[in-house]
Amino acid sequence: MSSSLAPLLAERGPIRSVGVVGMGYVGIPAAVLFAHSPGMERVLGFQRDSPSSGFKIGMLNRGESPLKGEEPELESLIAEAVRSGRFACTPDFSRVGECDAVTLAIQTPFADPSDLLPDFGPLFDGIRKVGEHLERGMLVVLESTVTPGTTVGPARELLEEASGLRAGTDFALAHAPERVMVGRLVRNIREHDRIVGGIDPPSTERAAELYRHVLTTGRIIPMTATAAEVTKTAENTLRDLQIAAVNQLALYCEAMGVNVYDVRDGVDSLKGEGITRAVLWPGAGVGGHCLTKDTYHLERGAHTLGKDILDFPDDLMSLYVVARRINEFMPSHMARLTSDGLARTGRRLDGARIALLGWAFIGNSDDARNPPAEPFRDLVIASGAEVRVHDPHVHSYPGVPISRDLDGVFEGADAVVIFTSHDEYRSLDPVRTRHLSGHEHPVIVDGRNMVDPDAFIGVGWIYKGIGRGDRNEHPVAWLDRRTS
Ligand code: SAJ
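Everything quoted here is computed from the prediction, not taken from an experiment.

Criteria and cut-off values
- Residues numbered from 1 in each chain as written.
- Predicted model: local features only at pLDDT ≥ 70, side-chain atom pairs only at ≥ 80, totals over all residues.
- Heavy atoms only, no water.
- Phe/Tyr/Trp six-rings, centres within 6.5 Å; stacked < 30°, edge-to-face > 60°.
- Buried < 20%, exposed > 50% of the residue type's maximum accessible area, 1.4 Å probe, protein only.
- Lys NZ or Arg CZ within 6 Å of the ring centre and 35° of its normal.
- Helix = DSSP H or I, 4+ residues; strand = E, 2+ residues; numbered from the N terminus.
- Pairing = 2+ DSSP bridges.
- Right-handed = clockwise from strand over helix to strand, strands pointing away.
- Salt bridge = Lys/Arg side-chain N within 4 Å of Asp/Glu carboxyl O.
- Near = heavy atom within 4 Å.
- Polar contact = N/O pair within 3.5 Å; in protein donor to acceptor, adjacent residues only side chain to side chain.
- Nonpolar A, V, L, I, M, F, W, Y, C, P; charged D, E, K, R; others polar.
- Domains from an automatic or database assignment.
- Contact = heavy atoms within 4.5 Å.
- Buried area = accessible area lost by both parts, 1.4 Å probe.
- Axes fitted to C-alpha atoms, helices over the stretch in contact; angles between N-to-C directions.

**Section: the packing of aromatic side chains**
Step number 1: Here the structure, examined in full by the defined rule, presents seven aromatic pairs.
Step number 2: Ring centres 5.4 Å apart and planes at 70° place the aromatic pair Phe456 and Trp461 in the edge-to-face group. Here the two residues Phe456 and Trp461 agree in accessibility, since each one is buried.
Step number 3: For Lys129, the ring lying beneath its charged end belongs to Phe93, and the centroid distance is 5.3 Å.
Step number 4: Its guanidinium or amino end placed over the ring of Trp281, Arg264 lies 3.4 Å from that ring's centre, counting from NZ or CZ.

Have a look at this one:
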């Protein structure tokens, strides 16, 4: 690290202009919050004028939000930032050189989930474009979730190659991972603590100066760039691990005839200094774009950065990958519960009509990235079942017809399988829905602890629930049709 960076940054003075690359659910709120911060004179949102996303440029410059779903404050923040002239969106990357700092918030999805290699293509394109217009004394910050080692490795190399400048000497470089959740983007950026990791101390401090512009209650947590990348991937890996732990407990409770929610309450009651247990919730599986991929970013980082140094038992699979496998197993366990439920009245998946309730990966949301319901649907269709999917929020999904008519999907259903904790599913009427199914003993499989088992069992349903070992082998209430 050369000592010339600090004087160079001091010569440039306080950050007064910011470029944000990637007008998505991370970049847009970040850009308008920078635009509204005192002392900030100009914010440019850089967006490729591509067929799929170019429309955002015009919308944003009209002061409108291109994001779906409810985002409190965002619309008004965009409109005011554009009206005041402090924010504009542009496809012209040559204007990067006008900025004191540039952040990149470009998604790193998996190109092919089967090989779990992230597609860094779009992010690296963005980095290259920034490099081509980089000026001395600028700060570059990566916000995308990346494999540990990316900032000090490929990102640095791309920037130096494209600019002819040197990181840590001519420009500052840092990683500051985004930690926003859809539905609370603006609040999260303001209030969540911000991990800020530079390739050297001047870079860390310059990035901290940038994010102090938007933080209200959140505080800066400084560290190295690689530690910041590990923090981001580890926080989701550890959440995935916690969910896997309680999913495995649920499977054990089913096998031992025990209600996992009683056990959860019991374990959770142990509170106090350092003895609290963080018990999350068992369910039909783990979806979304964070927990399904960040474990593999962390694993790859440990095995590439840590190559020849990592000391871990050769014959042991990573605990974190085992956790991923357990969570990925839950949809097939749901298929097993469905098949077992049907078998109680001599039916099989083959030829059964299944009402699948919930396609979104999380309750009361339209976000259908990596839905756990998808592998379940594939499995039972492969076994000969007919599946009709209902979701009150998800409008469409490639290759999967999605109905909004809840009564309609119940008609003739041999089995009803709940995958998502949408509020609508808490008030299903056991008598009315059994009548709609037209079966004496339809099956209900509850993947999210949404219904009262006894209310359904008592009127003739066959019940199966994740973790409900106390109810999954219940006697079937033999009722004649007159009571239905
Ligand atoms: N899930 C369970 N049991 C639980 C919690 C979640 O089965 O106890 C399932 C959900 O049904 C869903 C999946 O896991 O299918 C993911 O749920 P999530 O609540 O973790 O939601 P995400 O994927 O949007 O996670 C994001 C992450 N935030 C960022 O990456 C910035 C995560 O770090 C947050 O902890 C999480 O939101 C949150 O707390 O809302």
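Alright, that's what it looks like, and here's the rest.
**Some remarks on the pairing of strand E15 (residues 443–446)**
Step number 1: A two-sided burial pattern is seen for E15, the buried positions comprising Val443 and Val445 on one face and Ile444 and Asp446 on the other.
Step number 2: One ladder, built from four bridges, connects strand E14 (residues 415–418) with E15; its direction is parallel. Note on E15: the bridge partner recorded for Ala415 is Val443.
Step number 3: Crossover E14 to E15 through helix H15 (residues 430–437) is right-handed.
Step number 4: Both E15 and strand E16 (residues 462–465) contribute to a ladder of four bridges, which runs parallel. If you follow Val443 over to E16, its bridge partner there is Ile462.

**Points about the pattern of salt bridges**
Step number 1: Scanning the model with the defined rule gives 30 salt bridges in all.
Step number 2: For the salt bridge of Arg95 with Glu98, the shortest nitrogen-to-oxygen distance reads 2.9 Å.
Step number 3: Relative accessible area serves as the criterion here: at 23%, Arg95 is assigned to the partly exposed category.
Step number 4: A residue is classified by how much of its surface remains accessible, and Glu98, at 44% relative accessible area, is partly exposed.
Step number 5: For the salt bridge of Asp125 with Arg128, the shortest nitrogen-to-oxygen distance reads 3.0 Å. Separated by three residues within a single helix, Asp125 and Arg128 lie in helix H5 (residues 121–132), roughly one turn from each other.
Step number 6: A relative accessible area of 35% means that Arg128 is categorised as partly exposed.
Step number 7: A cluster of three or more residues bridged by salt bridges with shared partners is formed by Asp454, Arg468, Asp470 and Arg471.

**Side note on the site of the ligand**
Step number 1: As a structural note, the neighbourhood of the ligand is formed by 18 residues, with Asn236, Arg239, Trp281, Gly287 and Phe361 the closest of them.
Step number 2: Arg184 is positioned with one of its side-chain polar atoms (N or O) 3.0 Å from an oxygen atom of the ligand.
Step number 3: One of the backbone nitrogen or oxygen atoms of Trp281 is found 2.8 Å away from a nitrogen atom of the ligand.
Step number 4: Tallied by class, the residues present in the shell around the ligand amount to 10 nonpolar, three polar and five charged.
Step number 5: Taken domain by domain, the makeup of the shell around the ligand includes at least three residues from each of domain 1 (5–218) and domain 2 (261–484).

**Observations concerning the domain arrangement of the chain**
Step number 1: Each assigned domain of the chain is listed with its residue range as follows: domain 1 (5–218) and domain 2 (261–484).
Step number 2: If you average the C-alpha positions of domain 1 and of domain 2, the two centres end up 37 Å apart.
Step number 3: Across the boundary between the two partners, domain 1 contributes 15 residues, which contact 12 residues of domain 2.
Step number 4: Interface area, domain 1 with domain 2, both sides summed: about 1100 Å², of which 62% is carbon and sulfur.
Step number 5: Counting across the domain 1 and domain 2 interface gives zero salt bridges.
Step number 6: Along the contact surface separating domain 1 from domain 2 lie two residue pairs in polar contact (both at pLDDT 80 or more).
Step number 7: Looking at side-chain class alone, the side of domain 1 that touches domain 2 contains nine nonpolar, five polar and one charged residues.

**A look at the pairing of strand E1 (residues 17–21)**
Step number 1: The element E1 is extensively covered by neighbouring structure, given that five of its five residues are classed as buried.
Step number 2: Burial along E1 is two-sided: the face carrying Ser17, Gly19 and Val21 and the face carrying Val18 and Val20 are both buried.
Step number 3: As defined by bridge partners, E1 adjoins strand E2 (residues 42–46) across five bridges and the pair is classed as parallel. From the neighbouring strand, Val21 faces E2, where its bridge partner is Phe46.
Step number 4: Between the parallel elements E1 and E2, the chain passes through helix H2 (residues 27–35) in a crossover that is right-handed.

**Section: the sheet that holds E14**
Step number 1: Ordered in space as E13-E12-E11-E14-E15-E16, the six strands form an open sheet in which the pairing is parallel. On the outer flanks of this sheet lie strand E13 (402–403) and E16, each paired with one strand and no other.
Step number 2: Along the sheet, helix H13 (residues 373–382) contacts strand E11 (353–357), strand E12 (386–390) and E14; its crossing angle with E11, the most-contacted strand, is approximately 180°.

**What to know about the sheet that holds strand E7 (residues 139–142)**
Step number 1: The strand order across the open sheet built from eight strands is E3-E2-E1-E4-E7-E8-E9-E10, with neighbouring strands paired in mixed fashion. Each edge of the sheet is formed by a strand with only one pairing partner; in this case those strands are strand E3 (87–90) and strand E10 (220–224). The average angle at which neighbouring strand axes cross in this sheet is 25°, direction not considered.
Step number 2: Looking at chain direction, strand E4 (residues 101–104) and E7 are connected through four bridges and run parallel. Pairing of Thr103 across the sheet is with Val141, part of E7.

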